[in-house]
Amino acid sequence: MTDATIHTALSSAVAEVLDCMFFIEVLGEVPEAPPQAGNVTVQLNFEGDPPGYFQMRIARPAANVVAADFLGEDLESLTLRQSTDVTLELANMICGAVLSRIESRAAFRLGSPAVVADDAVQRKSGEETRCTVETGSGALTVAIQMETRTCLPTEESAS
């Protein structure tokens, strides 16, 4: 699978989940900014063929807007816990949507999404594909890394 294919899957999954589940239109892709204080970073691991991890980083103001829209709450009455819970669910939804686009016939088991510190983000060896979009209230960056398969399950080596 090429990096461009994975990038397209990330981009389209983010746009679809934000639009369909959160009623937020993606304003386009933007360059990724370095991690900043106030960002919320979520990571979840997944098992399947191939296994890997998914990460999402969103500016806290954007996370709050997403949560308020999803819950039908006013920003002023939104709690930090509500914002965090919806952010975790957003990561879960986007990860599932990406995996179904990349490996539609494979079965995956998603781990529990967890908020992590930017400096504690788990990175494994291998290629990581990233995509950053503007939501209108802040940037959202997603990344996925899948372990490389040495050969497809149906292939046999020739002697």
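Residues numbered from 1 in each chain as written. Predicted model: local features only at pLDDT ≥ 70, side-chain atom pairs only at ≥ 80, totals over all residues. Heavy atoms only, no water.

Focus on the confidence of the model for the chain
Here the chain averages 87 in pLDDT, while 87% of its residues score no lower than 70. Averaged pLDDT values for the elements of the chain fall to 92 in strand β3 (residues 109–110) and rise to 95 in helix α3 (residues 80–102). When the criterion is pLDDT under 50, residues 150–159 qualifies, and its contacts beyond four places in sequence or with other chains add up to one contact. (pLDDT = per-residue confidence, 0-100. Helix = DSSP H or I, 4+ residues; strand = E, 2+ residues; numbered from the N terminus. Contact = heavy atoms within 4.5 Å.)

Some words on a nonpolar patch on the surface
Among the surface-exposed residues, Met-21, Phe-70 and Leu-71 lie close enough to one another that they form a single nonpolar patch of about 240 Å² accessible area. The partly exposed category is assigned to Met-21, whose relative accessible area is 38%. (Patch = residues over 30% accessible without salt bridge, like charges linked within 9 Å, V, L, I, M, F, W, Y side chains within 5 Å. Areas by Shrake-Rupley, 256 points an atom, 1.4 Å probe, with all protein chains shown as cover. Salt bridge = Lys/Arg side-chain N within 4 Å of Asp/Glu carboxyl O. Buried < 20%, exposed > 50% of the residue type's maximum accessible area, 1.4 Å probe, protein only.)

Regarding the nonpolar core
Membership of the largest hydrophobic core comes to 40 residues, with the highest contact counts inside it found for Phe-54, Met-56, Leu-90, Ile-94, Leu-140 and Ile-144. Residue assignment for this core shows that the elements contributing at least two residues are α1 (3–22), β1 (39–47), β2 (52–59), α2 (60–71), α3, β5 (128–134) and β6 (139–146). Excluding anything up to four places from it in sequence, Leu-140 contacts Val-14, Leu-18, Met-56, Arg-57, Ile-58, Leu-90, Ile-94, Cys-131, Thr-132, Val-133 and Thr-135. (Core = buried A, V, L, I, M, F, W, Y, C linked by side-chain atoms within 4.5 Å.)

Brief notes about the packing of aromatic side chains
By the definition in use, this model includes two aromatic pairs. Ring geometry for Phe-46 versus Phe-108: centroids 5.7 Å apart, planes at 80°, classification edge-to-face. Taken as a pair, Phe-46 in strand β1 and Phe-108 in the loop between α3 and β3 lie far apart in primary sequence, 62 residues in all. (Phe/Tyr/Trp six-rings, centres within 6.5 Å; stacked < 30°, edge-to-face > 60°.)

Let's talk about the packing of α1 against α3
One way to put it is that α1 packs onto α3 with a least axis distance of 8 Å and a crossing angle of 135°. Taken as axis vectors, α1 and α3 run oblique relative to one another. In this structure, the crossing between α1 and α3 has a hand that is right-handed. Here Ile-6, Ala-9, Leu-10, Ser-12, Ala-13, Val-14, Glu-16, Val-17, Leu-18, Met-21 and Phe-22 of α1 lie close against α3, whose contacting residues are Val-86, Leu-90, Met-93, Ile-94, Ala-97, Val-98, Arg-101 and Ile-102. Among the residues making up the contact of α1 with α3, the classes are represented as 16 nonpolar, one polar and two charged. (Axes fitted to C-alpha atoms, helices over the stretch in contact; angles between N-to-C directions. Parallel < 35°, antiparallel > 145°, perpendicular 65-115°, else oblique. Left-handed = near helix turned anticlockwise from the far one by under 90°. Nonpolar A, V, L, I, M, F, W, Y, C, P; charged D, E, K, R; others polar.)

Details of the pairing of β6
Within a regular beta strand, the side chains point alternately toward one face of the sheet and then the other, so they alternate between its two faces. Counting buried residues along β6, seven of its eight residues qualify, which places the element largely inside the surrounding structure. Sheet topology places β2 next to β6; seven bridges connect them, and they run antiparallel. When the sheet's bridge partners are listed, Gly-52 is paired in β6 with Met-146. Strand direction decides the pairing type here: β5 and β6, joined by seven bridges, are antiparallel. Looking at β6, one finds that Thr-129 is bridged to Ile-144. Counting the residues between successive antiparallel strands, the hairpin from β5 to β6 contains four residues, one of them, Gly-136, with a positive phi of roughly 100°. (Pairing = 2+ DSSP bridges.)

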